[in-house]
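# Reading the structure
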Amino acid sequence: MPIPRFKCLLASLAAVTNGPLAAAALEANPPVLPQDTITVDPTQEQIDKVFNVMGPELLGHFRQERHLFLFTPGDQIHQVDVKLGYYTSAAGLGEHRDDVKIKNLYVGDGSPGAGALNNFWRSAENFRVTNPMGLQGDKVVPGNIYAGKLVFAVSQASPIRNVAIDGELWLFELEKLGPGDPTSGMASGGFAANIEANSILTGGQQQFYFRNLKLVNDGSQQPVFNGLIMGSEGNMRSDGKEQTSFTNVPKTPVIAEKPFIFKRAGKFFMRVPDLQRDSVGISSMAGRDIAFEHVYTATPDKAGELNSKVDDPDVHAIWFTPGNYAIDKTLLIDRDNFVMLGHAAYLQQPKDQSATIKVTVKGARVAGLTFEARASPGKTHKSEPMLWIDGEGSADNPTVLSDIFVRIGRFYNDKHLPMDEFAKLQVTADTSMYVNQNHVVADHFWMWKADHENLADPRETKLYWYQTKQGDNPANHGVIVGGNDVIFYGAHVEHYDMEEVRWIGDNGKMYFLQNEWNYAMDQDDTNVKSAAVVVLGQNFEGYALGSYCNFVHEHPAPVIAPYGFLVPADARLKNLLVWPLNGAKGSGIRSVVKRGDEVLCKGVLKPSGDVDPTYCLLDTPAVDDNMGSEADKGVMIVL
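My aim in this report is to walk through the structure given alongside it, one point at a time. Computed from a prediction, not measured in an experiment: that's the story for all the values here. (Residues numbered from 1 in each chain as written. Predicted model: local features only at pLDDT ≥ 70, side-chain atom pairs only at ≥ 80, totals over all residues. Heavy atoms only, no water.)

Counting buried residues in strand β22 (residues 267-273) gives six out of seven residues, a clear majority hidden from the surface. Pairing of strand β21 (residues 260-264) with β22, which is carried by five bridges, proceeds in the antiparallel orientation. Bridge pairing in β22 places Phe-260 opposite Arg-271. Between β21 and β22, which pair antiparallel and follow one another directly, the connecting turn spans two residues, one of which, Ala-265, has a positive phi of 50°. For β22 and strand β24 (residues 287-291), the ladder comprises five bridges, and the chain directions are antiparallel. Looking at β24, one finds that Val-272 is bridged to Arg-288. (Buried < 20%, exposed > 50% of the residue type's maximum accessible area, 1.4 Å probe, protein only. Helix = DSSP H or I, 4+ residues; strand = E, 2+ residues; numbered from the N terminus. Pairing = 2+ DSSP bridges.)

See below:
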């Protein structure tokens with residue numbers, strides 16, 4: 001017989017406090033885990049089987065398989081090398097990270113010569129690594145140089161969270177490109193939070209964001225061009241450079257850590273960590289627990305049930321297991337404190353290009369999800385934001401976003417079209433993420449309009465790498481912020497047609513930005529796009545904001561963008577960077593920042609059209625072909 005409504009309500013209330021009525025609710029606990037995408041306590045053979053397909057760049061880069069390795073708590077050490085390839089996540093099922101111990105974790109360079117520049121879409125969280133060891137050691141360099149080093153060579157959308165390391169963390173892998181000493185592979189990261197390690201070496205990382213670290217020893221090393229560390233015990237050296245590329249913020253002003261799943265006495269729970277203010281060192285992971293009787297375990301084959309589960313008052317959270325979800329209607333979060341958590345979960349925008357997820361209440365948590373735009377035969381911007389945060393908001397109970405990624409591009413030729421036909425389709429989106437609620441905290445995101453795609457038939461064994469061209473896949477903005485008192489940590493926004501970030505709300509704070517302009521722009525486009533980041537709101541603060549350009553469009557003429565950043569006169573800024581990666585001679589960003597009516601620092605133009613990593617400073621409106629004394633770096637300003 002049906003359960004009376006008041007009993008369902010009591011069961012719902014009991015679920016978040018682990019009360020005795022939790023068993024009366026509707027969802028299975030323990031949940032039924034999809035065996036084709038989730039492996040619990042995998043063997044080395046199972047890990048290697050996944051990695052051999054998902055690890056190599058030209059094989060795994062745009063595949064559709066998704067994987068999650070879960071490790072159960074206990075006194076044992078899981079004696080495996082956890083290798084993470086594309087679309088692969090690893091997570092411990094402990095209530096505390098020390099409850100799960102694994103021998104080793106490894107992410108190496110994705111391709112020879114390119115380092116880890118394309119090592120995207122993977123994650124690791126909630127365990128201790130007891131015996132870290134780089135796996136390519138004596139194949140690349142002599143001896144045991146990798147002993148005690150956890151190699152995690154990643155770029156964007158590859159977070160490492162709540163991991164303790166009995167050794168060092170290396171965010172790169174060594175390469176031997178020729179005679180002489182080995183060199184560090186290049187990488188374009190990245191995000192690390194709640195990490196305990198002896199020290200951290202960044203090697204060839206162009207940039208990286210660190211939050212709430214505990215570094216046991218001295219000797220950590222900053223990223224090459226731009227980095228930020230905040231709320232941490234221990235610091236990273238600046239190598240004594242006069243113009244440091246590293247920013248230290250002593251405290252993390254407001255944060256709630258990413259929700260996670262743990263197992264206790266055979267049952268599953270979702271922990272939703274509490275809000276913390278002015279935190280230093282490893283964050284507390286204490287919070288409220290939602291028993292899985294009230295968590296809907298989603299799988300792609302049942303994506304049609306998602307809307308009914310969001311509307312069900314007995315469901316307090318949705319866990320998106322790995323896979324590709326065809327969302328048929330906007331998932332509307334209209335109940336306070338609702339949680340959506342994913343692992344290797346990819347959500348395709350509805351066919352009518354309405355929002356994929358829309359939040360209209362306070363206290364929501366959205367975490368670990370990747371949003372994908374919809375392909376269409378025409379070229380239109382008329383779409384709702386893929387992630388839309390609306391409503392009043394609350395300082396005491398803010399909406400928190402963690403590890404949010406967007407992809408706009410042509411990746412899956414599932415209709416088996418000839419490549420030239422598939423290239424005629426366009427994937428369009430107006431704005432990837434719209435934050436129109438006050439007090440939202442966004443803790444790590446990557447908004448990516450693709451600079452490269454895969455046009456190959458998925459029945460092919462390797463991808464067909466396609467460099468996007470001018471006019472491909474129209475998309476105006478990565479992020480628009482309309483809310484007040486919004487905080488961004490670890491932001492990455494790339495390749496949009498107009499402003500990458502448009503900030504309208506007041507009292508905004510952005511801690512770290514990695515931005516790259518659209519490759520395929522010409523001079524007319526840059527006249528429309530006045531700056532990578534345009535701030536209209538009052539009392540804005542920005543720390544460690546970097547904007548790069550790589551104007552390799554089809555025309556040989558130089559492209560000069562006017563500003564990296566355009567902000568009001570009252571904006572407070574620290575450590576801004578512009579850098580011309582590539583393009584015709586004379587290409588670059590003319591001015592670092594315009595604050596009010598004042599241009600504060602001239603930018604950098606490339607002296608030649610090659611990829612030589614030296615730059616000349618622009619001291620006048622005309623191109624200066626003479627190298628400045630600090631031409632080995634971009635221009636850094638401290639205001």
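What the three strands build is an open sheet, ordered β21-β22-β24; its pairing is antiparallel. Strand pairing shows two members of the sheet lacking a second neighbour, β21 and β24, which therefore form its edges. Averaged over all adjacent pairs, the angle separating strand axes in this sheet is 35°, with direction ignored. (Axes fitted to C-alpha atoms, helices over the stretch in contact; angles between N-to-C directions.)

Two side chains with opposite charge may pair up if their charged atoms get near one another. Evaluation of the coordinates by the stated rule reveals 27 salt bridges. Close ionic contact of Lys-103 with Asp-81 constitutes a salt bridge, the shortest N to O distance being 3.7 Å. You can see Lys-103 sitting in strand β5 (residues 101-106) and its partner Asp-81 sitting in strand β3 (residues 77-83), a full 22 residues away along the chain. With a shortest N-O distance of 2.5 Å, Glu-500 and Lys-529 are connected by a salt bridge. With Glu-500 in the loop between β40 (487-494) and β41 (501-503) and Lys-529 in the loop between α7 (523-528) and β43 (531-535), this residue pair connects regions lying 29 residues apart in the sequence. The network of salt bridges with common partners includes Glu-125, Arg-161, Arg-211, Glu-257, Lys-258, Asp-403 and Asp-443. (Salt bridge = Lys/Arg side-chain N within 4 Å of Asp/Glu carboxyl O.)

Turning next to the sheet that holds strand β9 (residues 168-170). Taken in spatial order, the three strands of this open sheet run β7-β9-β14, and their pairing is parallel. Of all the strands in the sheet, just β7 (149-151) and β14 (200-201) have a single pairing partner and so form its edges. With two bridges joining them, β9 and β14 adopt parallel strand pairing. What sits directly across from Leu-169, in β14, is Ile-200.

Counted residue by residue, strand β42 (residues 509-516) has seven buried out of eight residues, so it is predominantly covered. Two strands pair when backbone bridges link them, and β40 and β42 are joined in this way by seven bridges, in the parallel orientation. Counterpart to Val-493 in the pairing with β42 is Asn-515. Pairing analysis gives seven bridges linking β42 to strand β44 (residues 541-551), with the strands arranged parallel.

Bringing the nonpolar core into the picture now. In terms of nonpolar packing, the biggest core is built from 72 residues, with Phe-320, Ile-357 and Phe-488 touching the most fellow members. Those residues in contact with Phe-488, other than ones at most four positions away along the chain, are Met-433, Val-435, Ala-442, Phe-445, Val-479, Val-481, Trp-503, Lys-509, Met-510 and Tyr-511. By size, the runner-up hydrophobic cluster in this structure holds 49 residues, among which are Val-100, Val-154, Ala-192 and Ile-229. (Core = buried A, V, L, I, M, F, W, Y, C linked by side-chain atoms within 4.5 Å. Contact = heavy atoms within 4.5 Å.)

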